[in-house]
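Fold and contact review
Here is how the chains run, residue by residue.
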Amino acid sequence: MSNDQHQVLVVEDNMITALYYASVVEVMGLKVCGKAATAEQAIAMAANTHPAAILMDVRLRGSRDGIDAAESIREAGDEPRIIYITGSNEPETMKRMNESNPAAILVKPVMAEQLERTLRKVLPH
Amino acid sequence: MAGRGSFRPLNRNPRWEDPLSDRLTITPATVRAYRRAARWMAVAAALIAAVSLIGGTLLGIPALHQVFPDFSHMAPSTALLIVLVCSAVYLTSGGRRPLRIIPLTLIAVTGAVAVAQLGLYFWSGINLELYLYRTADPAGLGSMSPAAAFCFCLAVLCVALDQGPGRRVEHLYAGVAALGLCIALMDLIAYSFDVKALYAVELFRAMAVHAAFCFLLIFLALLCRRPTWSWMAVATGPLNGSTAFRRMLPAAILVPWLFCWLGLQASNRALLTPNFRLVLVAAACIVVLLAVLLINGRRQNLVSALRSQALVDLQTAVAQRDLLLREVYHRVKNNLQLVEALLLLQSQKIESQQARDAIHTTRQRIHMLGMVHQMILEGGDYDSVDLNTFLKDVVHSLAGAFGAGERGIQVTYGGQPTRCTLEEAIPLGLLTNELMSNTFKHAFEGRESGRVDVTLTARGDFLRLTVADNGVGRGGRPINGRISLGSDIIRALVAQLDGSLKETAENGTRIEVTIGQPAGVDL
């Protein structure tokens with residue numbers, strides 16, 4: 001499953017932002033095991049690579065959002081640490097996120113340093 | 001800020017002010033139209049009187065004098081006074097302004113003659129008319145009737161009362177004119193029903209039908225020349241109730257007249273019993289009035305429904321606007337995040353530490369802008385921001401970004417709940433960002449620990465932001481000197497906020513940014 005390096009899956013439909021998250025992860029010395037733009041891609045990639053953590057954007061292209069994707073991945077048997085990155089903290093979305101037992105919730109805009117700190121805190125050393 | 005935005009006319013007599021002032025809604029164009037109509041009515045009444053005087057009295061044409069053979073004559077004095085009153089009304093109903101003395105003289109003469117006529121009639125039993133102008137009419141039907149003299153007095157009183165606005169005067173004016181209108185109307189109705197019944201009443205004796213019509217015109221003209229006064233404001237107004245009044249007006253006049261006339265006809269032809277005729281008239285009046293009320297009710301309901309629909313449409317439009325605004329703020333925030341991402345990606349390709357630091361500082365400023373937009377989206381109020389929560393977030397974000405925890409620096413924030421506009425929140429956020437960045441970069445050089453206290457004091461328009469540390473002090477880096485872009489930005493932001501900056505060095509550095517004057521108690 002994981003080697004010395006923790007694998008992190010980036011789920012974000014804006015490619016520049018995905019690149020940004022990926023670069024933060026790589027600078028930390030972690031490995032990006034994939035970049036998904038939709039819930040379906042995220043589920044498929046998680047099934048193949050079994051990441052230790054997922055940076056999950058909530059609003060995604062397509063009919064299913066990041067919370068749906070996280071639930072499907074859990075149902076498939078994986079237990080990655082989920083870090084939600086959300087653009088809006090509407091009560092309804094907040095409630096759904098909290099119910100899916102996330103490792104952390106970050107509200108955009110997210111600074112690189114903030115992301116780094118959160119990943120360090122969430123991942124087992 | 002006294003008097004700002006208040007353009008309501010001074011209310012000289014508050015007790016008489018209607019809660020919903022109709023007068024304010026009547027346009028000047030409407031007022032001009034009514035005054036024009038008043039002038040025309042005065043001209044028409046004067047013409048009728050003049051024709052009766054010249055054609056009837058001087059040339060002896062009975063039809064112009066009497067209208068019908070068994071009707072009263074219009075007395076020459078009545079005709080003359082009508083011409084005088086109409087001239088006074090015409091001259092004071094807008095258009096070109098004449099010398100005040102002319103209409104005043106006209107009404108003074110009219111008033112004197114009318115009062116003399118009434119006085120002589122009631123107290124001496126002498127009919128002045130019969131001495132000045134003797135007709136062959138033995139019943140004395142060719143003289144000025146007491147009712148006509150009384151009407152002249154009312155008209156003169158109206159013109160005399162018309163000396164400028166004032167609630168009491170307006171109500172009195174409209175009341176007097178309405179009374180005159182009633183007398184004229186009663187006379188006309190009597191002519192249409194039964195002339196002999198009219199002549200049996202002493203007061204109305206010898207009031208000619210065309211004189212009564214002239215009085216109707218005169219009192220209407222008097223009311224129309226002041227369309228915003230008293231109850232005339234309701235009759236002439238542009239709003240719903242006024243429109244309904246004008247719509248119902250013909251029915252309100254014709255229906256009672258018509259039914260009573262029908263009752264009279266039945267009476268004349270001896271149809272049905274007298275009391276049952278009255279029952280029929282009463283029942284018919286009730287039915288027609290109810291029908292009219294129902295029609296009006298239906299229209300009012302329609303207006304209500306339209307208004308409710310308009311309100312719903314408006315609410316939908318506002319909700320849509322809010323949604324759009326939200327979307328715009330969201331996109332702005334996302335774009336700021338994108339700029340931040342691009343800057344980070346770029347800085348990773350750069351070797352020079354100095355350049356990387358510069359980009360880091362810029363990234364932090366842009367992040368702060370993104371945070372303001374997030375704050376607006378959270379608040380749901382697009383006009384103001386919860387400044388206290390916003391600054392708390394900024395302080396914590398900065399403490400994290402500069403690794404305060406790892407460096408042993410304790411960061412506290414203390415503030416009071418206050419709201420401000422986006423225009424103030426952005427510079428205040430940026431200012432906090434600059435001041436704290438300076439502190440983290442320079443205040444703790446060579447130190448293992450330290451503390452930074454940020455406080456926000458807000459009271460009314462007064463606001464103070466304090467950033468204090470217990471570090472090594474600024475030394476050769478005065479904030480007002482030209483050292484770095486940071487201090488340029490700080491000075492620009494303080495100027496933008498129209499505030500002042502005070503720096504004290506005592507056990508570290510303490511910077512206070514003050515906006516507005518402290519109100520009352522010392523802060």
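Residues numbered from 1 in each chain as written. Chains lettered and ligands numbered in written order. Predicted model: local features only at pLDDT ≥ 70, side-chain atom pairs only at ≥ 80, totals over all residues.

Glancing now at the overall build of chain A. Helices and strands together make up the secondary structure of chain A, namely five helices and five strands. Looking at chain A as a whole, 42% of its 125 residues qualify as buried. (Helix = DSSP H or I, 4+ residues; strand = E, 2+ residues; numbered from the N terminus. Buried ≥ 20, exposed ≤ 12 C-beta atoms within 10 Å, placed from the backbone.)

Helix and strand content of chain B: 16 helices and seven strands. In chain B, once contacts between residues fewer than 6 apart in sequence are set aside, the share between residues at least 24 apart is 73%. (Contact = placed C-beta atoms within 7 Å.)

Here we come to helix α1 (residues 28–58) of chain B. Its 31 residues place the ends of α1 of chain B 43 Å apart at the C-alpha level, agreeing with the 45 Å of an ideal helix rising 1.5 Å per residue. One or two residues past the end of α1 of chain B sits G60 of chain B, with phi positive at roughly 75°. (Expected span 1.5 Å × (residues − 1).)

All names here are of chain B. As summarised here, the arrangement of the five strands in space is β2-β4-β5-β7-β6, forming an open sheet in which the pairing is mixed. Two strands bound the open sheet, and with one partner strand each, they are β2 (409–415) and β6 (499–505). Looking at each pair of strands side by side, their axes are set apart by 10° on average, direction ignored. Examined bridge by bridge, β6 and strand β7 (residues 509–515) share seven bridges and lie antiparallel to one another. Considered in β7, the bridge of E503 is made with I511. Seen against the sheet, helix α14 (residues 387–401) touches β2 and β4 (450–459) and runs at an angle of roughly 175° to β2. Packed on one face of the sheet, helix α15 (residues 422–443) meets β4, β5 (462–469) and β7 and runs near 15° to β5. (Pairing = 2+ DSSP bridges. Axes fitted to C-alpha atoms, helices over the stretch in contact; angles between N-to-C directions.)

Our next topic: the environment of A235 of chain B. All names here are of chain B. The topology assignment puts A235 in helix α10 (residues 232–236). As a C-alpha pair, A235 and R246 span 11 residues in sequence and 6.7 Å in three-dimensional space. Apart from the residues lying within four places of it in its own chain, the contact partners of A235 are S242 and F245.

Moving on: unusual backbone geometry. All names here are of chain A. P109 follows K108 through a cis peptide bond whose omega is 5°. The backbone of N101 sits at a positive phi, close to 55°, despite the residue not being glycine. Mapped onto the elements of the fold, N101 is located in the loop between α4 (91–99) and β5 (104–107). C-beta crowding within 10 Å serves as the criterion here: with 11 such atoms nearby, N101 is assigned to the exposed category.

Looking now at the packing of helix α13 (residues 353–379) of chain B against α14 of chain B. Residue and element names in this part refer to chain B. Look at α13 against α14: their axes get within 10 Å of each other, and the N-to-C directions meet at 145°. When the axes of α13 and α14 are compared, the crossing they make is right-handed. Note on element contacts: α14 touches α13 through F390, D393, V394, S397 and A401, opposite Q364, M368, M371, V372 and M375. Class assignment for the residues of the contact of α13 with α14 results in seven nonpolar, two polar and one charged. (Left-handed = near helix turned anticlockwise from the far one by under 90°. Nonpolar A, V, L, I, M, F, W, Y, C, P; charged D, E, K, R; others polar.)

The next subject is the packing of helix α3 (residues 76–91) of chain B against helix α6 (residues 146–161) of chain B. All names here are of chain B. One way to put it is that α3 packs onto α6 with a least axis distance of 11 Å and a crossing angle of 15°. Comparing the axis directions of α3 and α6 gives the class roughly parallel. The chirality of how α3 crosses α6 is left-handed. Across the interface between the two elements, T78, L81, V85, A88 and V89 of α3 pack against A148, F152, A155 and V159 of α6. Residues of the contact of α3 with α6, tallied by class, amount to eight nonpolar, one polar and no charged. (Parallel < 35°, antiparallel > 145°, perpendicular 65-115°, else oblique.)

Below, the discussion takes up the pairing of strand β1 (residues 7–11) of chain A. Residues and elements named next belong to chain A. Of all five residues making up β1, five are buried, and the element is well covered by its neighbours. Neither face of β1 is open: one carries Q7, L9 and V11, the other V8 and V10, and all of them are buried. With five bridges joining them, β1 and strand β2 (residues 31–36) adopt parallel strand pairing. Paired with V11 across the strands is A36, a residue of β2. For the crossover from β1 across helix α1 (residues 15–27) to β2, the handedness is right-handed. (Right-handed = clockwise from strand over helix to strand, strands pointing away.)

Here we take up the confidence of the model for chain B. Residues and elements named next belong to chain B. Model confidence for chain B is summarised by a mean pLDDT of 83, while 86% of its residues fall at 70 or above. Taken together, the stretch residues 1–20 has pLDDT below 50 and engages in seven contacts with residues farther than four places along the chain or on a different chain. In this model, residues 130–141 is a region of pLDDT below 50 whose contacts with residues beyond four sequence positions or in other chains number 12 contacts. (pLDDT = per-residue confidence, 0-100.)

All names here are of chain B. Only one face of β4 is covered, namely the face carrying G450, V452, V454, L456 and A458; the face carrying R451, D453, T455, T457 and R459 is uncovered. Note that β2 and β4 share seven bridges and pair parallel. By the bridge assignment, V411 is partnered in β4 with V452. In this sheet, β5 lies alongside β4 in antiparallel orientation, the contact comprising eight bridges. By the bridge assignment, T455 is partnered in β5 with T466. Where β4 folds back on β5, the antiparallel hairpin that results is connected by two residues, among which G460 adopts a positive phi of roughly 60°.

Glancing now at the sheet that holds β5 of chain A. All names here are of chain A. Pairing within the open sheet is parallel, and its five strands lie in the order β2-β1-β3-β4-β5. Unpaired on one side and paired on the other, β2 and β5 mark the two borders of the sheet. Averaged over all pairs of adjacent strands, the angle between strand axes in this sheet comes to 20°, irrespective of strand direction. Where helix α3 (residues 66–75) meets the sheet, it contacts β1, β3 (53–57) and β4 (81–86), and its direction lies at approximately 150° from that of β3.

This part is about the environment of F259 of chain B. Residues and elements named next belong to chain B. Mapping F259 onto the fold places it in helix α11 (residues 240–268). For F259, a count of 17 C-beta atoms within 10 Å translates into the label partly exposed. Considering only alpha carbons, one finds F259 and L280, 21 residues apart in sequence, at a separation of 9.1 Å. Apart from the residues within four sequence positions on either side, F259 is in contact with V281, A284 and C285.

Ranked by size, the top nonpolar core spans 82 residues in total, and within it V8, L9, V11, A42, I54, L55 and M56 of chain A carry the most contacts. In this structure, A46, A75, Y173 and A208 of chain B belong to the second largest nonpolar core, which totals 65 residues. (Core = buried A, V, L, I, M, F, W, Y, C linked by C-beta atoms within 7 Å.)

Let us look at helix α5 (residues 112–122) of chain A. Residues of α5 of chain A that are buried: A112, E113, L115, T118 and L119 of chain A. Elements in contact with the buried residues of α5 of chain A: α1, β3, β4 and β5 of chain A together with α12 (274–347) and α14 of chain B.

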